[in-house]
Amino acid sequence: DVKVTQSSRYLVKRTGEKVFLECVQDMDHENMFWYRQDPGLGLRLIYFSYDVKMKEKGDIPEGYSVSREKKERFSLILESASTNQTSMYLCASSFEGAREDTEAFFGQGTRLTVV
Amino acid sequence: GESVGLHLPTLSVQEGDNSIINCAYSNSASDYFIWYKQESGKGPQFIIDIRSNMDKRQGQRVTVLLNKTVKHLSLQIAATQPGDSAVYFCAENIGSQGNLIFGKGTKLSVKP
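Note that the structure is predicted; figures quoted are calculated from it, not measured.

Caption draft 1: Geometry of the overall build of chain B. From N to C terminus, chain B includes zero helices and 10 strands. Reading the secondary structure of chain B in the N-to-C direction produces β-β-β-β-β-β-β-β-β-β. What you see for chain B is a C-alpha radius of gyration of 14 Å, in line with the 13 Å of a compact globule of 112 residues. The dimensions of chain B, computed from C-alpha atoms along their principal axes, are 45 × 40 × 25 Å. Counting over 112 residues, chain B shows a buried share of 40%. When contacts within chain B are restricted to residue pairs at least 6 apart in sequence, long-range pairs at least 24 apart make up 53% of them. When the accessible surface of chain B is split by element, carbon and sulfur atoms take 48% of a total near 5900 Å². The average position of the 11 basic charges and that of the 9 acidic charges among the side chains of chain B differ by 2 Å.

Caption draft 2: Spotlight on the overall build of chain A. Helices and strands together make up the secondary structure of chain A, namely zero helices and 11 strands. In chain A, the succession of α and β elements from N to C terminus is β-β-β-β-β-β-β-β-β-β-β. With respect to the principal axes defined by its C-alpha atoms, chain A has extents near 40 × 30 × 25 Å. Burial status across chain A gives 50% buried among its 115 residues. Counting contacts in chain A only where the partners sit at least 6 residues apart, residues at least 24 apart contribute 55% of the total. Accessible surface computed for chain A: about 5400 Å², of which carbon and sulfur atoms make up 48%. Side-chain charges of chain A comprise 16 positive and 18 negative groups, with the mean position of each set lying 8 Å from the other.

Caption draft 3: Structural context of the sheet that holds strand β7 (residues 64-70) of chain A. Residue and element names in this part refer to chain A. Across the sheet, which stays open at both edges, the four strands sit in the order β1-β3-β8-β7 with antiparallel pairing between neighbours. The sheet terminates laterally at β1 (4-6) and β7, the two strands that pair on one side only. Going from strand to strand, the sheet's axes swing by 20° on average, the running direction of each strand aside. With five bridges connecting them, β7 and strand β8 (residues 73-78) associate as antiparallel partners. Bridge pairing in β8 links lysine 70 to arginine 73.

Caption draft 4: Region of interest: the layout of surface pockets. Computed from the structure, the largest pocket encloses a volume of approximately 500 Å³. In this structure, the largest pocket is lined by 25 residues; those nearest its centre are A:Gln37, A:Met88, A:Arg111, B:Gln38 and B:Gly41. For the lining of the largest pocket, the secondary-structure elements that each account for two or more residues are β4 (31-38) and β9 (87-94) of chain A together with β8 (86-93) of chain B. Residue composition of the lining of the largest pocket, grouped by class: eight nonpolar, 11 polar and six charged.

Reading the values: rules and limits
Residues numbered from 1 in each chain as written. Chains lettered and ligands numbered in written order. Predicted model: local features only at pLDDT ≥ 70, side-chain atom pairs only at ≥ 80, totals over all residues. Heavy atoms only, no water. Helix = DSSP H or I, 4+ residues; strand = E, 2+ residues; numbered from the N terminus. Rg over C-alpha atoms; globule rule 2.2 N^0.38 Å. Buried < 20%, exposed > 50% of the residue type's maximum accessible area, 1.4 Å probe, protein only. Contact = heavy atoms within 4.5 Å. Areas by Shrake-Rupley, 256 points an atom, 1.4 Å probe, with all protein chains shown as cover. Lys, Arg positive; Asp, Glu negative; His and termini not counted. Charge placed at Lys NZ, Arg CZ, Asp CG, Glu CD. Pairing = 2+ DSSP bridges. Axes fitted to C-alpha atoms, helices over the stretch in contact; angles between N-to-C directions. 1 Å grid on protein atoms, 1.4 Å probe; cavity = no way out; pocket = protein on both sides within 12 Å on 5 of 7 lines; lining within 4 Å. Points joined across faces, edges and corners; volume = space filled by probe spheres on them. Nonpolar A, V, L, I, M, F, W, Y, C, P; charged D, E, K, R; others polar.

Geometric descriptors of this kind do not, in isolation, establish any biological role.
Encoded structure:
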């Protein structure tokens, strides 16, 4: 089974802290994604990566950065956490788009609270 | 301050009835569509997918219908069970990068 693992289920951080959210997948997927999920707004794409050291901005990249040094790991970084970044963060991975099995597999989510 | 979220559309059905969840997608160039189910406290889980060269696909108790003319996707769940209670998201994929665009979700509540 595909496994996408996020390092923490719950995090509480203070305003201004630098926050790292880690995600690891074990299926050799090319694509990895970070979404945030807020009530009534669905999943919104923050950043995605289609290869090691490659990254693309999603719909809401402001206040975030990412790092993909290894194929299996995709990190989301909040440079200076703010209260409006309190949210559920979901990591996902998938094979590259030309293949038949391109559905994305999700981690269990990290609920981040910034106080 | 924090933005105020919108309430999710909610569908309430009786156990044993069929459920139909609808989704309008945005881009006529989308060529791949997925339905995800998200239970409370968990990440979204894949249910069923369909490519744009099809208009119907069936799984176990689920059917996805695609109407490209009006850019509409639906998920039908037969004989809905309490375990089907969740938020359901449709997602569309454009092009080769596999970047999914999600709808806002519909909450399905199953009454015993």
